[in-house]
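Summary of the model geometry
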Amino acid sequence: MARPSAAIIHLDHIEYNFQLAQQLTGGDCIAVVKANAYGHGMVEVAQHLSPHAKVFAVCSTEEAARLRLAGIVQPILLMEGAFARDDVLFAAQYNCWLAIADESQIDTLAKCQLDTALTVFLKVDTGMHRLGVSPEGVARLLARLTNLPQVAGQPLLMSHFACADEPQHPLTITQLKLLDQLNDDFQGHDFSTANSAAIVSGRARGDRWSRPGIMLYGAEPLLEGNEHTAKLRPAMSLVSEVIAVREISAGDSVGYGAAWVAERPSRIATVAIGYADGYPRSAVNGTPVFVAGQVCPLVGRVSMDMICVDVTDAPQAKVGSDVELWGEHLSIDTIAAHAGTISYELTARMPMRTPRIYQASQQ
Ligand SMILES: Cc1ncc(COP(=O)(O)O)c(C=O)c1O
């Protein structure tokens, strides 16, 4: 029998979440499938979204090449731009859209002989202070880009929010004001600004192309959810089974470092999932685990291949019982909070060893 740990990927939920994103924007959504579609499987996700998504977004030509090899024909936005001249040539050959984050990338582009002109997104730093040109430099750089034969049509303007998960954060307000100003100053240029959090906060109305990532995968984009995020459907269920059950006495410890000690006689279930399967080692005692239809607390340290759960109050739990680590019954955001991280990291770091089982329709 196969080891029971697996990540079940609900492609139908990803499609539903994409349609929800699409309804909340004024334009179209670019499906962000970088980092192996946040761990869900880039090729499978892109193939499933292909009838709906007009454009995909990744971070590198290597990721774009995987999509092309899998038969994806839509344009692919390279969100981090070209790292070298070869990336520009690749973009022209394989119908990729290119983010331009500084003037040196324009210099590189200007030196390339291209058979096909490229759609380019000039990335503007409105407050994230990570990548992008300053708002003051936009007019000059847009003029440079517009005059290049390597550039197709009007360059688009792209920006990214630093605190979109907190819609009323002062920096979000500052970024929005700057974007309003850019909209006024550069009419005739299309914009791409909104990530998931901005989309569900109603801030994608001015976008030609929004860029939802995490909401496609059904995790909560906002610090405090709203009526839109309540509709998101979780795309990944991390599951396994109980492989052993034992009775221990009060005072007995469980797992490495004896980091949890039973206060009462306890039943402990061992589950075949560990940090090598993508369950975070940093999950603390008490992290909820859904065992045999009931939420029970994680006890002791997470091992490479196993965890232990206190099932004293779940007498129905036995060897072979189903376990959900996150998914339909336990939100991945709750587990991430217990592990001191965010849902993005949990799914994006899902290792190869964990089989992905794809479901395209509700069973
Ligand atoms: C430039 C850019 N746009 C869009 C996204 C998607 O963001 P989210 O997953 O929060 O929707 C990301 C994610 O890191 C990004 O870096």
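Check the entry above for the structure.
Presented here is an overview of the structure given in this document. (Residues numbered from 1 in each chain as written. Predicted model: local features only at pLDDT ≥ 70, side-chain atom pairs only at ≥ 80, totals over all residues. Heavy atoms only, no water.)

1. Some words on the pattern of salt bridges
Overall, the coordinates contain twelve salt bridges when judged by the stated rule. The partner of Asp 28 in a salt bridge is Arg 208, and the shortest N-O contact between them spans 2.8 Å. Of this pair, Asp 28 sits in strand β2 (residues 28-32) while Arg 208 sits in the loop between α9 (196-200) and β9 (209-210), and the two are 180 residues apart along the sequence. Notably, a salt bridge pairs Asp 107 with Arg 144, separated by 2.8 Å at the nearest N-O pair. In this pair, Asp 107 is assigned in helix α6 (residues 103-111) and Arg 144 in helix α7 (residues 138-146), connecting sequence segments 37 residues apart. Classification of Arg 144 as partly exposed rests on a relative accessible area of 27%. Within the structure, one salt-bridge network assembled from shared partners comprises Arg 3, Asp 277, Asp 305 and Arg 353. (Salt bridge = Lys/Arg side-chain N within 4 Å of Asp/Glu carboxyl O. Helix = DSSP H or I, 4+ residues; strand = E, 2+ residues; numbered from the N terminus. Buried < 20%, exposed > 50% of the residue type's maximum accessible area, 1.4 Å probe, protein only.)

2. Re the site of the ligand
Close to the ligand lie 13 residues; Lys 34, Tyr 38, Ser 196, Ile 214 and Tyr 344 are nearest. Separating an oxygen atom of the ligand from a side-chain N or O atom of Tyr 344 is a distance of 2.6 Å. Considered on its own, the ligand offers 390 Å² of accessible surface; in the complex 91% of this is hidden by protein. Grouping the constituent residues of the shell around the ligand by class yields five nonpolar, four polar and four charged. (Near = heavy atom within 4 Å. Polar contact = N/O pair within 3.5 Å; in protein donor to acceptor, adjacent residues only side chain to side chain. Areas by Shrake-Rupley, 256 points an atom, 1.4 Å probe, with all protein chains shown as cover. Nonpolar A, V, L, I, M, F, W, Y, C, P; charged D, E, K, R; others polar.)

3. Notes on the packing of helix α3 (residues 42-49) against helix α4 (residues 61-69)
Where α3 contacts α4, the two axes come as close as 10 Å, and the packing angle between them is 55 degrees. Classified by the angle between their axes, α3 and α4 sit oblique to one another. In this structure, α3 meets α4 at a crossing whose hand is right-handed. In this structure, α3 contributes Met 42, Val 43 and Ala 46 to the contact, and α4 contributes Glu 63, Arg 66 and Leu 67. Split by residue class, the contact of α3 with α4 holds four nonpolar, no polar and two charged. (Axes fitted to C-alpha atoms, helices over the stretch in contact; angles between N-to-C directions. Parallel < 35°, antiparallel > 145°, perpendicular 65-115°, else oblique. Left-handed = near helix turned anticlockwise from the far one by under 90°. Contact = heavy atoms within 4.5 Å.)

4. Section: the environment of Pro 155
Structurally, Pro 155 can be placed in the loop between α7 and β7 (156-158). A C-alpha to C-alpha distance of 6.9 Å links Pro 155 and Leu 142, two positions 13 residues apart in sequence. With near-sequence residues (within four places) excluded, Pro 155 lies in contact with Val 120, Leu 142, Leu 145, Thr 146 and His 189.

5. Here we look at helix α1 (residues 11-24)
One full turn of an α-helix is made of 3.6 residues, so residues set three or four places apart face in the same direction. Taking 1.5 Å per residue as the helical rise, α1 with its 14 residues ought to reach 20 Å, and the 20 Å between its terminal C-alpha atoms agrees with that figure. For α1, the buried fraction is high: ten of the 14 residues fall into the buried class. Buried residues of α1: Leu 11, Asp 12, His 13, Ile 14, Asn 17, Phe 18, Leu 20, Ala 21, Gln 22 and Leu 24, and no others. Considering only its buried residues, α1 is in contact with β1 (6-10), β2, α3, α9 and β18 (356-359). (Expected span 1.5 Å × (residues − 1).)

6. Examining the environment of Gln 359
Looking at where Gln 359 falls in the secondary structure, it is placed in strand β18. Sequence separation between Gln 359 and Ala 235 is 124 residues; the distance between their C-alpha atoms is 9.7 Å. Setting aside its immediate chain neighbours within four residues, Gln 359 contacts Ile 8, Ile 9, His 10, Leu 11 and Asp 12.

7. Side note on α7
All of the buried residues along α7 are Val 138, Leu 141, Leu 142 and Leu 145. Take α7 and look down its axis: the buried residues cluster within an arc of 105 degrees, on one side only. Along its buried surface, α7 packs onto α6, β6 (120-123), β7 and α8 (170-185). (Arc of directions from axis to C-beta.)

8. Re the environment of Asp 333
With respect to the element layout, Asp 333 can be found in helix α10 (residues 332-338). Each C-alpha atom, one on Asp 333 and one on Gln 359, is 22 Å from the other, the two residues being 26 residues apart in sequence. If we skip the residues at most four places from it in the chain, Asp 333 touches Ala 219, Glu 220 and Ser 343.

9. Looking at the side chain of Asp 277
With respect to the helices and strands, the residue Asp 277 is situated in the loop between β13 (266-271) and β14 (288-291). For Asp 277, a relative accessible area of 0% corresponds to the buried category. Within polar-contact distance, the side chain of Asp 277 engages the side chain of Arg 353 at 2.8 Å. Residues within four places of Asp 277 in sequence aside, it is in contact with Arg 3, Ser 5, Leu 238, Met 304, Asp 305, Met 350, Pro 351, Arg 353 and Thr 354.

10. Details of the packing of aromatic side chains
Following the criterion strictly, the structure yields six aromatic pairs and no others. Taken together, a centroid distance of 5.9 Å and an interplanar angle of 35 degrees make the contact between Tyr 38 and Tyr 344 tilted. Here Tyr 38, found in helix α2 (residues 34-38), pairs with Tyr 344, found in helix α11 (residues 343-348); they are 306 residues apart in sequence, far enough to count as distant. For Tyr 38, a relative accessible area of 8% translates into the label buried. Aromatic ring contacts, followed pair by pair, group Tyr 38, Tyr 217 and Tyr 344 into a single cluster. Positioned over the ring face of Trp 209 is Arg 208, at 4.2 Å from the centre of the ring. Above the plane of the ring of Tyr 16 lies Arg 233, whose end atom (NZ or CZ) is 3.5 Å from the centre. (Phe/Tyr/Trp six-rings, centres within 6.5 Å; stacked < 30°, edge-to-face > 60°. Lys NZ or Arg CZ within 6 Å of the ring centre and 35° of its normal.)

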